[in-house]
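These are the residues of each chain, in order.
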Amino acid sequence: MTAGSRRSALALVAVLLLAFALRLWGLSDHNIWWDEGLAAWAARLPIDGIIEWTAHDVHPPLYFILLAGWWRLAGDGEFALRAFSVLTGVVAVAGLYGLANTVLGRRAGLLSALFLAISVFAVSWSQEMRMYCLASALAVGALWSAFQFAQTGSRRAALCHALLAAAGLWTLYLFIIVPIAANLGYAVLWLKRGRPRREGALWLGSQALAAGLFLPWLIHAVTRMPTWSSSEAFDPLTFLQLYASMLTTGISTNLDAYGLWTLAGMVVFALALFALWRAKVGRAQRSAILALLVGVGLPALIVYLVSLPIHLFYAPRLAPRYLLPLAPCFYALLGMGI
């Protein structure tokens, strides 16, 4: 190992320890709230009970199945049950280092991981008994493996992407954004490379595998999903302000009081995007940047549309947590741009 590699490894360990400490601090200081209570209750069900309950709920079963196993391993109580989210939050930080390192090198990886490690948005939801941090870690892994495939054409990378994408879909329906972003990025790269048949067929095979692994659950749940609505009317500009505030400051209330901080963060992000746009990078890197941009913008659009009070299928009340799983895309672009 070279001196540079050793320094990078030590820096990554420091970032991961920081991420772990921030997520562990005060883990059991706040009471369990309604959705956490449901998760704790579900963890005590047998597997078939979890599957049947989630089919009538608004989330797939994977998180609750894993939490049930964690409960039997780690024990009961706020600290023990929330520790699973702590670990998945730290895994997401490590994965984001790998993702950004694959695209633009070690410095980009370390900065991206650092921004996710100290993100108030990510830290706060790493202390909740909910599936959003698991979905975030799976999203990072699925995108990372997609970028590895784009650079190497490896069968292993394609298989990893398929398995992680399927696991993400079994965790959160909103995870569909991840394969959409990965496919848009790869499609651009594939066209620029002259449409290589073998590589394209391997990629399509990975997408078919991911869809095939998710299809049994979808067939089981689609006729049982709820069709109620709890949404309320909201201003689109307020929604954009909320999204920007959550990504930059982690604040979801009293937005105007933190408006200058939010604006400053978004200005830095815009400058980072400009730097990436002007950078001399290869086609694979360009496709990765495009996929990450989709990962930043598309969740906002989908969450906005789903939260509209139109009473078709399921319309939840607007909540910032729905924007968490793809938030690492924001921190990756910020780290790579800087």
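See above for the structure.
Parameters at a glance
Residues numbered from 1 in each chain as written. Predicted model: local features only at pLDDT ≥ 70, side-chain atom pairs only at ≥ 80, totals over all residues. Heavy atoms only, no water. Axes fitted to C-alpha atoms, helices over the stretch in contact; angles between N-to-C directions. Helix = DSSP H or I, 4+ residues; strand = E, 2+ residues; numbered from the N terminus. Parallel < 35°, antiparallel > 145°, perpendicular 65-115°, else oblique. Left-handed = near helix turned anticlockwise from the far one by under 90°. Contact = heavy atoms within 4.5 Å. Nonpolar A, V, L, I, M, F, W, Y, C, P; charged D, E, K, R; others polar. Phe/Tyr/Trp six-rings, centres within 6.5 Å; stacked < 30°, edge-to-face > 60°. Buried < 20%, exposed > 50% of the residue type's maximum accessible area, 1.4 Å probe, protein only. Lys NZ or Arg CZ within 6 Å of the ring centre and 35° of its normal. Arc of directions from axis to C-beta. Core = buried A, V, L, I, M, F, W, Y, C linked by side-chain atoms within 4.5 Å. Salt bridge = Lys/Arg side-chain N within 4 Å of Asp/Glu carboxyl O. Expected span 1.5 Å × (residues − 1).

J.: Hey, could you run me through the packing of helix α10 (residues 177-192) against helix α14 (residues 283-306) in this one?
T.: Any two packed helices are characterised by the angle at which their axes cross and by the distance between the axes. At their nearest, the axes of α10 and α14 sit 8 Å apart, and the two run at 150° to each other. Of the possible angle classes, the one that applies to α10 and α14 is roughly antiparallel. Crossing of α10 over α14 shows right-handed handedness. Every residue of α14 that contacts α10 at Ile-177, Ile-180, Ala-181, Leu-184, Gly-185, Val-188, Leu-189 and Lys-192 is listed here: Arg-283, Ala-284, Ser-287, Leu-290, Ala-291, Val-294, Gly-295, Leu-298, Pro-299 and Ile-302. The residue makeup of the contact of α10 with α14, split by class, is 13 nonpolar, three polar and two charged.

J.: Hey, could you run me through the packing of aromatic side chains in this one?
T.: The geometry of an aromatic ring pair comes down to the distance between the two centres and the angle between the two planes. Under the defined criterion, the tally for this structure stands at 15 aromatic pairs. The interplanar angle of 75° and the centroid separation of 5.4 Å between the aromatic rings of Tyr-63 and Phe-64 together place this pair among those described as edge-to-face. The residues Tyr-63 and Phe-64 share a single accessibility class, namely buried. On the basis of an interplanar angle of 45° and a centroid distance of 5.6 Å, the ring pair of Trp-170 and Trp-217 is categorised as tilted. Of this pair, Trp-170 sits in the loop between α9 (155-169) and α10 while Trp-217 sits in helix α11 (residues 197-221); the two residues are 47 residues apart in sequence, bridging distant segments of the chain. Here Trp-170 falls in the partly exposed class, since its relative accessible area comes to 23%. Ring pairing ties together the aromatic residues Trp-41, Trp-53, Tyr-63, Phe-64, Trp-70 and Phe-84, which thus form one cluster. One cation-aromatic arrangement involves Arg-286 over Trp-277; the distance from NZ or CZ to the ring centre is 5.9 Å.

J.: Is there a simple way to explain helix α2 (residues 34-42) in this structure?
T.: Along an α-helix, residues three or four positions apart point the same way, because every turn accommodates 3.6 residues. Listed as buried for α2 are Asp-35, Glu-36, Ala-39, Ala-40 and Ala-42. One side of α2 carries all its buried residues, which in axial view fall inside an arc of 165°. Lining the buried residues of α2 we find α3 (47-55), α4 (62-74) and α5 (78-104).

J.: So what exactly am I meant to see when it comes to the nonpolar core here?
T.: Among soluble globular proteins, nonpolar side chains are generally buried collectively. Counting 102 residues, the largest nonpolar core has Tyr-63, Leu-99, Phe-121, Leu-292, Tyr-331 and Met-336 as the members making the most contacts within it. Sort the elements by how many residues they give to this core and helix α8 (residues 132-152) lands first, with 14 residues. Leaving out residues up to four positions away in the same chain, Leu-99 has contacts with Val-140, Leu-143, Trp-144, Phe-147, Leu-292 and Ala-332.

J.: Honestly, the pattern of salt bridges in this entry has me stumped. Any pointers?
T.: A side chain of one charge can pair with a side chain of the opposite charge if their charged atoms are brought near each other. On inspection of all chains with the given rule, the structure shows six salt bridges. In this structure, the salt-bridge partner of Arg-82 is Glu-36, at a minimum N-O distance of 2.9 Å. One end of the pair, Arg-82, is in helix α5; the other, Glu-36, is in helix α2, with 46 residues separating them in the sequence. The pair Arg-82 / Glu-36 is uniform in exposure class, with both members buried. Salt-bridge contacts for Arg-44 lead to Asp-76; the nearest nitrogen and oxygen are separated by 2.3 Å. Here Arg-44, found in the loop between α2 and α3, pairs with Asp-76, found in the loop between α4 and α5; they are 32 residues apart in sequence, far enough to count as distant. Among the residues examined, Arg-44 registers a relative accessible area of 34% and is labelled partly exposed. Through salt bridges with shared partners, a single network forms among Asp-35, Arg-130 and Arg-321.

J.: Explanation requested: α10 in the structure shown.
T.: An ideal rise of 1.5 Å per residue puts 22 Å on 16 residues; α10 measures up with 23 Å between its terminal C-alpha atoms. Just past α10, the residue Gly-194 takes up positive phi, approximately 90°.

J.: Before we go on, may I ask you to explain the packing of helix α12 (residues 236-248) against helix α13 (residues 259-278) in this structure?
T.: Where α12 meets α13, the axes come as close as 9 Å, and the angle between the chain directions of the two elements is 80°. Overall, the two elements α12 and α13 adopt an arrangement that is roughly perpendicular. Mapping the contact onto sequence places Ala-244, Ser-245 and Thr-248 in α12 and Thr-262, Gly-265 and Met-266 in α13. Across the contact of α12 with α13, the residue classes break down as two nonpolar, four polar and no charged.

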